[in-house]
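Examination of the molecular architecture
One-letter residues, chain by chain:
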Amino acid sequence: MYIDTNQSPWYDRMWGAFIFFTRLPFWRIYQPSKDSYKAVVEFWPLTGWLTGGLMASALYMGSMCFPYIIAVLMAITVRLLVTGALHEDGLADFFDGFGGGTDRGRILAIMKDSHIGTFGVLALILYAFLLAATLFSMPPMLACLAIIAADPYAKMLSAGLITLPYARSEEEAKAKTVYRRLGWKAVIGLAMQGLLPMALLMYNLHCTIYEAIPILLVPSLVMLLLYRYIRHRLQGYTGDCCGAVCLMVELATLLVICSLLPL
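Residues numbered from 1 in each chain as written. Predicted model: local features only at pLDDT ≥ 70, side-chain atom pairs only at ≥ 80, totals over all residues. Heavy atoms only, no water.

Focus on the overall build of the chain
The condition that has to hold: Note on conventions: DSSP H or I runs of at least 4 residues are helices, E runs of at least 2 residues are strands, and numbering of each starts at the N terminus. Only protein chains enter the accessibility calculation, which uses a 1.4 Å probe. A residue is then buried if its area is under 20% of the maximum for its type, exposed if over 50%, and partly exposed in between. Contacts were defined at the residue level, with two residues in contact if any of their heavy atoms lie within 4.5 Å. Only the protein chains shown count as cover for residues, with accessible areas throughout obtained via the Shrake-Rupley method and a probe of 1.4 Å. Charged residues are defined here as Lys and Arg on the positive side and Asp and Glu on the negative side; His and the ends of the chain fall outside this count. A single reference atom marks each charge: NZ on Lys, CZ on Arg, CG on Asp, CD on Glu.
Looking only at helices and strands, the chain has 10 helices and 0 strands in total. For the C-alpha atoms alone, the extent of the chain along its principal axes is close to 50 × 40 × 40 Å. Buried residues in the chain amount to 51% of all 263 residues. For the chain, the share of sequence-separated contacts (at least 6 apart) that also reach a separation of at least 24 residues comes to 77%. When the accessible surface of the chain is summed, it comes to about 12,700 Å², and 69% of that surface belongs to carbon and sulfur atoms. Mean positive and mean negative side-chain charge positions of the chain (19 and 17 charges, respectively) differ by 3 Å.

Below, the structure written as structure tokens:
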């Protein structure tokens, strides 16, 4: 595995991640180097602290003023505004490509098309309904903690996709950026960013080992299955794959937490 040793400073990569993965005007505060955007995945879970925190805050404050279902929809809307629906766009393209493409070239062509198809529309509708229903099924405080934990954890696991080769050339990439492979320091950093909020959730819920294992294991298995499927069909990854896998792994995490409510 090739690791570029001429990396930009860590704070450049951190600011690059916040600028790349959100629509908040961080670029007014700091302008990272262009090279830093190749390593934004190293701080992807950290952006989940922000997006998950804002979503949870909207849910908690909204639940004190409005019926709970409205608070849930407001929280989802807040995240869409903060991220610019970046990962939702990837989810739609992923299902259009893999649902309508019969071979590698056709899948990549469909995923690059800016038009949304039937598979993409259905995927977004089903995802939105499942997410809203899952959060609505939890008490407000649990839902807030689950959001704060699931967002970074899903991003941490999904970062494993970039161990695959990029499926296109850098010139063909939508963002004109190909992510740099992860070194061991980046892997440790990803683990800390993704696991700390999850530890906070389990501490507050007083989770037993029997409850903690499925919360950690089921999303990991979902990630593994998606990884193998993408590798089989594409022999590589794209940015759309990363966004789609992130949302599906996050939803799996929330579903597991919801399923443990009777316990």
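A short note on helix α4 (residues 86-100)
Counted only if it meets this: The length a helix should cover is 1.5 Å for every residue beyond the first.
Over its 15 residues, α4 runs 21 Å from end to end, which matches the ideal 21 Å to within 8%, given 1.5 Å per residue. Residues of α4 that are buried include every one of His-87, Glu-88, Gly-90, Leu-91, Ala-92, Asp-93, Phe-94, Asp-96, Gly-97 and Phe-98, and no others.

Some remarks on a nonpolar patch on the surface
This is how it is decided: Patches were defined on residues exceeding 30% relative accessible area and lacking a salt bridge, with like-charge contacts within 9 Å and nonpolar side-chain contacts (Val, Leu, Ile, Met, Phe, Trp, Tyr) within 5 Å. Here a salt bridge means any side-chain nitrogen of Lys or Arg lying within 4 Å of a carboxyl oxygen belonging to Asp or Glu.
Among the surface-exposed residues, Phe-66, Ile-69, Ile-70, Leu-73, Met-74 and Phe-136 lie close enough to one another that they form a single nonpolar patch of about 510 Å² accessible area. Inspection of the secondary structure assignment puts Phe-66 in the loop between α2 (44-63) and α3 (68-83).

Here we look at the nonpolar core
Inclusion rule: Here, the term nonpolar core denotes a set of buried Ala, Val, Leu, Ile, Met, Phe, Trp, Tyr and Cys residues that are joined through side-chain atoms within 4.5 Å.
Counting 80 residues, the largest nonpolar core has Leu-59, Leu-161, Tyr-179 and Ile-230 as the members making the most contacts within it. If one sorts the elements of this core by residue count, helix α10 (residues 239-259) sits on top with 13 residues. Tyr-179 has contacts with Phe-20, Phe-21, Tyr-37, Lys-38, Val-40, Val-41, Ile-162, Tyr-237 and Cys-242, leaving out every residue within four places of it along the chain.

Take it as geometry only, folks, not as evidence of what the structure does.
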